[in-house]
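Given next are the chains, with one letter for each unit.
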Amino acid sequence: MEDYLAIANEWGLWIAGGLMVAVALIQVLLYYRQLFVAAKTVDVTNEQLKQAFRTGAVTAIGPVLAIFVIMVGLMSVIGGPMAWMRLSVIGAAPTELTAAHVGADAAGVPFGGEGYDVQAMAVSWWTMAINGVGWLVLVGLFGHTLEKGREKLGGGDTAWLGVLSTAAMIGVFGYLNTTNILRLGGPLIAAITGGIAMVLLLQLAKKFPPIKEYTLGIAMIIGMVFAVLLG
Amino acid sequence: MSDSSENTNAGANEQYDLLWKRPVIRIGVVTMLIAAVLSFGPLLYLYIVHGVSIDIRTALTAWGLIVAIFGAFYIVEPVSFYPILGLAGTYLSFLSGNISNLRLPCSAMAQEVVGTKEGTRQAEIVGTMGIVGSVVVNLIGVTAAAVIGAWLISVLPAVITDAFRNYTAPAIFGAVFGQFAMREIRFAPFALAIPLITLGLLGLPVWIVIPASVFGTVAIGRVFYKKGIVKPK
């Protein structure tokens with residue numbers, strides 16, 4: 001057990017993982033630059049772009065703290081470099097852990113248990129990689145064809161496109177909440193109080209616009225506090 | 001209702017294609033495929049440095065098993081999230097992951113704060129910038145976790161780390177649902193009923209439940225829109 005984790009934390013793997021993190025960073029920088037070029041064609045000002053960036057960044061802080069906590073747990077089972085690399089790209093922690101387990105199953109040993117050696121770890125890593133590649137390759141090759149689907153769904157009616165976007169968003173989050181509704185207890189309390197807090201905060205933000213950027217972050221903390229107290 | 005800031009003339013369309021869509025696709029395709037190749041970097045390291053290789057049968061078995069679990073999502077998720085994320089948002093989200101808990105909420109909040117009209121090009125540009133901001137914070141976060149994570153967790157009280165681990169996602173999902181339910185409250189019961197019935201009652205697989213929830217609610221929206229019950233804002 002100690003053995004494979006020692007190898008999993010070798011410095012050479014930080015480099016191998018770092019290359020992947022670098023691609024994610026390069027992609028985001030290229031889009032950042034392109035956004036300033038494109039914004040001019042649709043009458044979005046640089047100030048609005050900066051406001052959008054700031055809002056995205058501020059809203060991300062809460063969820064990223066959660067990823068931070070989860071990643072530290074993941075580091076103890078798959079090593080630092082792999083946890084860093086895998087959580088920088090598609091596939092959240094549960095997905096990666098599932099893949100690591102499935103790899104161990106394919107190698108015929110229990111994940112992290114008796115007989116889980118470097119050989120078995122390699123199968124776990126292979127499974128995590130090939131799973132992520134499913135999304136990367138399909139979106140990479142066919143992502144642009146989805147635009148035609150949206151155009152067809154929208155039919156050139158901008159008013160309907162607005163309604164469609166709202167409906168799609170409510171639909172996705174209806175599904176995401178369902179799992180927590182069915183789990184009852186803490187997650188359900190977090191969802192309900194987080195939802196109510198958000199509605200109230202957005203009303204409040206109409207009177208005090210400066211707080212608008214922080215509404216989702218504050219709502220998240222309120223939901224978490226209630227879940228801890230009542231869950 | 002007609003929005004003067006929405007460019008619909010041919011010249012503007014061409015500009016938008018040239019300065020946004022085409023570069024977005026070029027950047028997206030190249031980065032996604034490079035990332036796919038680099039996914040195997042650690043395995044190459046194990047092979048070169050430690051002489052570890054995997055026999056082809058084990059590799060194929062593992063691949064088959066994992067595709068059986070997640071394969072449907074490779075297709076269902078991009079198709080279901082595209083109407084919300086848009087083109088660049090899709091490339092960003094499916095490279096950097098964490099779509100439901102980070103990308104969708106950050107895109108929506110950016111649009112909310114800047115005040116763009118949903119479904120417009122302005123909204124797509126602003127939403128994409130929200131996602132860009134979230135990816136930057138995300139990368140800083142995981143890199144910090146790699147460096148000081150283990151130490152920081154050991155000094156924080158367990159109640160705080162547990163709260164983040166267990167309740168962040170539920171609280172955010174509830175909050176974003178509340179945010180959008182406010183815009184069109186009539187969609188909310190349907191958006192909850194469809195997954196509650198298909199998942200909770202019928203126990204259908206998630207790869208059916210996600211598109212059923214998204215496109216089911218969109219279909220309801222279409223009926224309401226056609227009947228004039230729902231008015232665009």
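Basis of the calculations
- Residues numbered from 1 in each chain as written.
- Chains lettered and ligands numbered in written order.
- Predicted model: local features only at pLDDT ≥ 70, side-chain atom pairs only at ≥ 80, totals over all residues.
- Heavy atoms only, no water.
- Helix = DSSP H or I, 4+ residues; strand = E, 2+ residues; numbered from the N terminus.
- Buried < 20%, exposed > 50% of the residue type's maximum accessible area, 1.4 Å probe, protein only.
- Contact = heavy atoms within 4.5 Å.
- Areas by Shrake-Rupley, 256 points an atom, 1.4 Å probe, with all protein chains shown as cover.
- Lys, Arg positive; Asp, Glu negative; His and termini not counted.
- Charge placed at Lys NZ, Arg CZ, Asp CG, Glu CD.
- Phe/Tyr/Trp six-rings, centres within 6.5 Å; stacked < 30°, edge-to-face > 60°.
- Expected span 1.5 Å × (residues − 1).
- Patch = residues over 30% accessible without salt bridge, like charges linked within 9 Å, V, L, I, M, F, W, Y side chains within 5 Å.
- Salt bridge = Lys/Arg side-chain N within 4 Å of Asp/Glu carboxyl O.
- pLDDT = per-residue confidence, 0-100.
- Domains from an automatic or database assignment.
- Buried area = accessible area lost by both parts, 1.4 Å probe.
- Polar contact = N/O pair within 3.5 Å; in protein donor to acceptor, adjacent residues only side chain to side chain.
- Nonpolar A, V, L, I, M, F, W, Y, C, P; charged D, E, K, R; others polar.

Draft legend 1. Structural context of the overall build of chain B. For chain B, the count of helices and strands is eight helices and zero strands. Listing the helices and strands of chain B from first to last along the sequence gives α-α-α-α-α-α-α-α. Seen along its three principal axes, the alpha-carbon backbone of chain B occupies a region of about 65 × 50 × 40 Å. Going through the 233 residues of chain B one by one, you find that 55% of them count as buried. When contacts within chain B are restricted to residue pairs at least 6 apart in sequence, those whose partners lie at least 24 apart make up 64%. Here chain B has roughly 9,700 Å² of accessible surface; of this, 69% comes from carbon and sulfur atoms. Put simply, chain B has 15 plus and 11 minus side-chain charges, and the middle of one group is 6 Å from the middle of the other.

Draft legend 2. Structural context of the packing of aromatic side chains. Counted by the stated rule, this structure contains 14 aromatic pairs over all chains. Seen in terms of ring centroids, A:Phe111 and A:Tyr116 are 5.2 Å apart; in terms of plane orientation they differ by 75 degrees. Their pairing is edge-to-face. For the pair formed by A:Phe111 and A:Tyr116, the shared burial category is buried. Summarising the aromatic geometry, the rings of A:Trp135 and B:Tyr74 are spaced 4.8 Å apart at their centres and angled 70 degrees between planes, so their arrangement reads as edge-to-face. Pair noted here: A:Trp135 is in helix H6 (residues 118-142) and B:Tyr74 is in helix H3 (residues 56-96), and the two residues belong to different chains. A single burial state applies to A:Trp135 and to B:Tyr74, both of which are buried. Of the aromatic side chains, those joined through ring pairs into one cluster are A:Trp135, B:Phe70, B:Phe73 and B:Tyr74.

Draft legend 3. Here's a closer look at helix H5 (residues 93-107) of chain A. The end-to-end C-alpha distance of H5(A) is 21 Å, a good match for the 21 Å that 15 residues give at a rise of 1.5 Å each. Inspection of H5(A) places A:Ala93, A:Thr95, A:Glu96, A:Ala99, A:Ala100, A:Val102, A:Gly103, A:Ala104 and A:Ala106 among the buried residues, and these make up the whole buried set. Structurally, H5(A) contributes buried residues whose contacts are with helix H3 (46-78), helix H4 (80-86) and H6 of chain A together with H3 of chain B. Following H5(A) by one or two positions, A:Gly108 adopts a phi angle in the positive range, close to 80 degrees.

Draft legend 4. Up close: a nonpolar patch on the surface. Residues A:Val228, B:Val147, B:Ile148, B:Trp151, B:Val155, B:Leu156, B:Val159 and B:Ile160 make up a contiguous nonpolar surface patch of about 720 Å² in total accessible area. Elements supplying a minimum of two residues to the nonpolar patch: helix H5 (121-155) and helix H6 (158-183) of chain B. Counting residues per element, the nonpolar patch draws most heavily on H5(B), at four residues. In this fold, B:Val159 is placed in helix H6.

Draft legend 5. Broad picture of the confidence of the model for chain A. Looking at chain A, the pLDDT average stands at 92 and 99% of residues meet or exceed 70. When pLDDT is averaged over each element of chain A, helix H2 (residues 11-39) of chain A comes out on top at 97 and helix H1 (residues 2-8) of chain A at the bottom at 83.

Draft legend 6. Region of interest: the domain arrangement of chain A. Residues and elements named next belong to chain A. On domain assignment, one finds that chain A holds domain 1 (2-145) and domain 2 (155-230). One C-alpha centre belongs to domain 1, the other to domain 2; they are set 26 Å apart. Taken together, the contact pairs seven residues of domain 1 with four residues of domain 2. With both chains or domains summed, domain 1 and domain 2 bury close to 460 Å², and 64% of this area falls on carbon and sulfur atoms. Where domain 1 touches domain 2, the interface holds one salt bridge. Run the count over domain 1 and domain 2 and you get one residue pair in polar contact (both at pLDDT 80 or more). When its residues are assigned to classes, the side of domain 1 that touches domain 2 shows two nonpolar, four polar and one charged.

Draft legend 7. Here's a closer look at the interface of chain A and chain B. Facing the 137 residues of chain A at the interface are 150 residues of chain B. Interface of chain A and chain B: buried area, both sides summed, is about 12,900 Å²; carbon and sulfur atoms make up 80% of it. Taken together, the connections running from chain A to chain B amount to four salt bridges. Two residues, B:Lys21 and A:Glu151, come together in a salt bridge whose shortest N-O distance is 3.4 Å.

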